[in-house]
Amino acid sequence: MQKPSKNALLIVAILASAPLIMEAYTRWSPSFSADMPAPKSSTKRLILLFHGSDGKDSPAILQLEQALKQKLSVSDAEVIRYVWSPWSDERLRASANGLYLGEKIGAHLASQNIREVHLIGHSAGAWLPDAVCASLRKYTSDPVKVRMTFLDPIGIKGFLDFDWGSQNFGGCADFAEAVINTNDNVPGTNAPLQQAFNIDVTELPHEVSGHEWPIWYYTQTLNGMSLSMDANHFAMPRGAVAKDVTAGAD
């Protein structure tokens with residue numbers, strides 16, 4: 001029997017190690033500096049809105065920002081759309097970059113006089129809320145109430161773990177909710193979150209992309225939706241799924 005050539009063995013070795021190399025690459029985030037959110041000194045309640053990859057100027061995100069500002073019109077509350085591009089746009093490293101940056105944001109907010117934080121993330125923007133929350137609680141001794149809203153979150157950690165987000169997103173929050181569409185073609189976004197209350201809007205008719213549809217749905221339902229920081233998981237259990245099939249939108 002003819003022995004495999006050295007070149008053939010090298011090719012086999014490269015192919016076998018490729019997934020491990022990619023896994024290491026995607027889980028490592030280089031240190032980088034970024035501007036921190038700058039809430040006003042009078043802000044006691046802060047809503048931070050995190051866009052997804054290539055989504056900093058998404059019309060859906062911009063419209064949601066305006067709707068949140070209209071909804072939350074009290075003097076000591078503030079809405080900030082946090083732009084974390086270009087680190088959000090490195091799709092293979094978006095999870096690692098989001099976790100790294102979220103920790104920095106939480107440490108920064110710990111020095112502010114903020115008592116309530118609502119963290120909203122779309123797609124890859126879902127990687128920041130839990131990191132912000134954990135860091136915020138680590139660096140402040142004062143109680144801070146945290147609510148999270150995930151809009152079609154992408155939960156692929158690294159290169160191989162497609163289920164990390166669905167199992168862990170929202171775990172740090174006092175209350176977490178997710179609006180999901182389960183039949184779009186974006187991988188890692190189609191499973192309910194086990195640590196959040198889920199609203200499945202898949203069956204509602206819509207004329208936007210399936211991945212952006214949860215943003216538009218959330219924006220359009222804000223008027224009838226409570227943003228109370230007193231929401232809890234007694235009435236809306238973690239892991240539960242409620243399907244909204246009542247009405248569509250264009």
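Scroll up to find the structure.
Residues numbered from 1 in each chain as written. Predicted model: local features only at pLDDT ≥ 70, side-chain atom pairs only at ≥ 80, totals over all residues. Heavy atoms only, no water.

Caption draft 1: Spotlight on the sheet that holds strand S2 (residues 77-82). Judged by pairing direction, the sheet is parallel, and its seven strands sit side by side in the order S2-S1-S3-S4-S5-S6-S7 without closing on themselves. Across the chains shown, the open sheet's two edge strands, defined by having one partner strand only, are S2 and strand S7 (241-243). Between one strand and the next, the sheet's axes are offset by a mean angle of 15°, whatever the strand orientation. Bridge count between strand S5 (residues 175-180) and strand S6 (residues 197-200): four bridges; the pairing is parallel. Of the residues in S6, the one forming a bridge with Val 179 is Ile 199. (Pairing = 2+ DSSP bridges. Helix = DSSP H or I, 4+ residues; strand = E, 2+ residues; numbered from the N terminus. Axes fitted to C-alpha atoms, helices over the stretch in contact; angles between N-to-C directions.)

Caption draft 2: Inspection of the nonpolar core at higher detail. Counting residues in each nonpolar core, the largest one holds 38 residues, and the members touching the most others are Phe 50, Ile 105 and Met 148. Where this core is concerned, the elements lending two or more residues are strand S1 (45-50), S2, helix H3 (94-109), strand S3 (116-122), helix H4 (129-139), strand S4 (145-151) and S5. Ignoring sequence-local partners within four residues, the contact set of Ile 105 consists of Met 36, Pro 37, Leu 48, Phe 50, Tyr 82, Leu 128 and Val 132. With 25 residues, the next largest nonpolar core counts Ala 60, Val 79, Phe 197 and Leu 204 among its residues. (Core = buried A, V, L, I, M, F, W, Y, C linked by side-chain atoms within 4.5 Å. Buried < 20%, exposed > 50% of the residue type's maximum accessible area, 1.4 Å probe, protein only. Contact = heavy atoms within 4.5 Å.)

Caption draft 3: Expanded view of the packing of aromatic side chains. One pass over the structure, following the stated rule, counts eight aromatic pairs. Aromatic pair Phe 150 and Phe 169: ring centres 5.4 Å apart, planes at 10°, arrangement stacked. Placement of the pair is Phe 150 in strand S4 and Phe 169 in the loop between helix H5 (164-168) and S5, with a sequence separation of 19 residues. With relative accessibility at 2%, the residue Phe 169 sits in the buried group. Considering the side-chain rings of Trp 213 and Tyr 217, the 6.0 Å spacing of their centres and the 75° angle between planes classify their relative orientation as edge-to-face. With a gap of four residues between them, Trp 213 and Tyr 217 both fall in helix H6 (residues 213-220), about one helical turn apart. Its relative accessible area of 1% is what places Trp 213 among the buried residues. The class of Tyr 217 is buried, set by a relative accessible area of 8%. Among the aromatic residues, those joined into a ring-pair cluster are Trp 127, Phe 150, Trp 164 and Phe 169. (Phe/Tyr/Trp six-rings, centres within 6.5 Å; stacked < 30°, edge-to-face > 60°.)

Caption draft 4: Focus on H4. Taken together, the buried positions of H4 are Pro 129, Asp 130, Ala 131, Val 132, Cys 133, Ser 135 and Leu 136. Residues of H4 that are buried make contact with S1, H3, S3, S4 and H5.

Caption draft 5: Main features of helix H2 (residues 59-71). Along its 13 residues, H2 runs 18 Å from first to last C-alpha, staying within 8% of the 18 Å computed at 1.5 Å per residue. By the burial criterion, the buried members of H2 are Ala 60, Ile 61, Leu 64, Glu 65, Ala 67 and Leu 68. Structurally, H2 contributes buried residues whose contacts are with S1, S2, S3, S4 and H6. (Expected span 1.5 Å × (residues − 1).)

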